[in-house]
Amino acid sequence: MSVDFKYSLTLSLFYSYWAPGEPNDTGKEEDCAEVYTEHDTVKNWNDKSCSAKLNWICERGGVN
Ligand SMILES: [Ca+2]
Ligand SMILES: [Ca+2]
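An account of the accompanying structure is given in this report.

Analysis parameters
- Residues numbered from 1 in each chain as written.
- Chains lettered and ligands numbered in written order.
- Predicted model: local features only at pLDDT ≥ 70, side-chain atom pairs only at ≥ 80, totals over all residues.
- Helix = DSSP H or I, 4+ residues; strand = E, 2+ residues; numbered from the N terminus.
- Buried ≥ 20, exposed ≤ 12 C-beta atoms within 10 Å, placed from the backbone.

**A closer look at unusual backbone geometry**
Going from E22 to P23, the amide bond is cis rather than trans, its omega being -5°. In this structure, D25 is a non-glycine residue whose phi angle is positive, near 50°. You can see D25 is positioned in the segment before β1 (30-35). C-beta crowding within 10 Å serves as the criterion here: with 14 such atoms nearby, D25 is assigned to the partly exposed category. The residue K28 is not glycine, and still its phi comes out positive at about 55°. Inspection of the secondary structure assignment puts K28 in the segment before β1. Its 6 C-beta neighbours within 10 Å are what place K28 among the exposed residues.

And the structure:
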């Protein structure tokens, strides 16, 4: 499966912790990622619709 997720600084994704079977682009609308811990505490990334309302983590500003 082709994966083209990037960090917000447009760096290529050099490591990932996708859950088994993810990213699966369900409905061809999953272009954002979430962390969900129902199954695995390490491999727990899932691609999800960007319109989903979820809790968030901070994005730190770039280094000047
Ligand atoms: Ca997608
Ligand atoms: Ca998914």
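And the narrative resumes.
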